[in-house]
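Structure assessment
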Amino acid sequence: QVQLVESGGRLVQAGGSLRLSCAASRRTLVTMGWFRQAPGKEREFVAAISWTGGSTYYADSVKGRFTISRDNAKNTVYLQMNSLKPEDTAVYHCAARLGAGVPTEVGKYNYWGQGTQVTVSS
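Throughout this document, residue positions are counted from 1 along each chain, in the order its sequence is written. Residues qualify for local features only when their pLDDT is at least 70, as the model is predicted, and side-chain atom pairs are given and counted only at 80 or more; totals for whole chains, interfaces and linings, by contrast, use all residues. Water and hydrogen atoms play no part in the side-chain values, which are based on all heavy atoms of the structure.

1. Let's talk about unusual backbone geometry
Note: most peptide bonds trans; most residues except glycine with negative phi. Despite not being glycine, N75 has its phi angle at roughly 55 degrees, a positive value. Within the secondary structure layout, N75 lies in the loop between strand 7 (66-71) and strand 8 (76-81). The phi torsion at S83 lies on the positive side, around 50 degrees, for a residue other than glycine. Considering the arrangement of structural elements, one finds S83 in the loop between strand 8 and strand 9 (90-97). For every residue, the accessible area obtained with a 1.4 Å probe (protein chains only) is divided by the maximum for its type, and the residue is called buried under 20%, exposed over 50%, and partly exposed between those limits. For S83, a relative accessible area of 40% gives the class partly exposed. Secondary structure counts use DSSP, requiring at least four H or I residues in a row for a helix and at least two E residues in a row for a strand, with both numbered from the N terminus.

Structure representation (structure tokens):
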């Protein structure tokens, strides 16, 4: 079992930046992902990173603006978000996958955090 706690979400103006953090309760040398869920919408993939950090994947909507990274010594995964847009407004969740690969599907991740709210004003 692993607990994931996200932090760093807040209200920011369009064009601004935020860095989200996801702290794990223990060492998690597994694939980690960030997902988001806007009101009335399904949870969607944002970014994922392999356990070594050597492979990263992004949704087309955030490619070139967001960067996922990890510090395994601190059991923490980050999401640097630049050039934020109002459509990035959502609750952002981090997730851990216990299997191989770096999938983008919600159902392939085993542990989830409670989320942190990001609101981007226009």
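After that view, the rundown keeps rolling.
2. Side note on the pairing of strand 3 (residues 18-24)
The buried count for strand 3 comes to five of seven residues, which makes it a mostly enclosed element. A pair of strands is labelled paired if DSSP reports no fewer than 2 bridges between them. The pairing of strand 1 (residues 4-7) with strand 3 spans four bridges and is antiparallel. Across the sheet, residue V5 finds its bridge partner in strand 3, namely A23. Across six bridges, the pairing between strand 3 and strand 8 is antiparallel. Within strand 8, the position partnered with R19 by the bridge is Q80.

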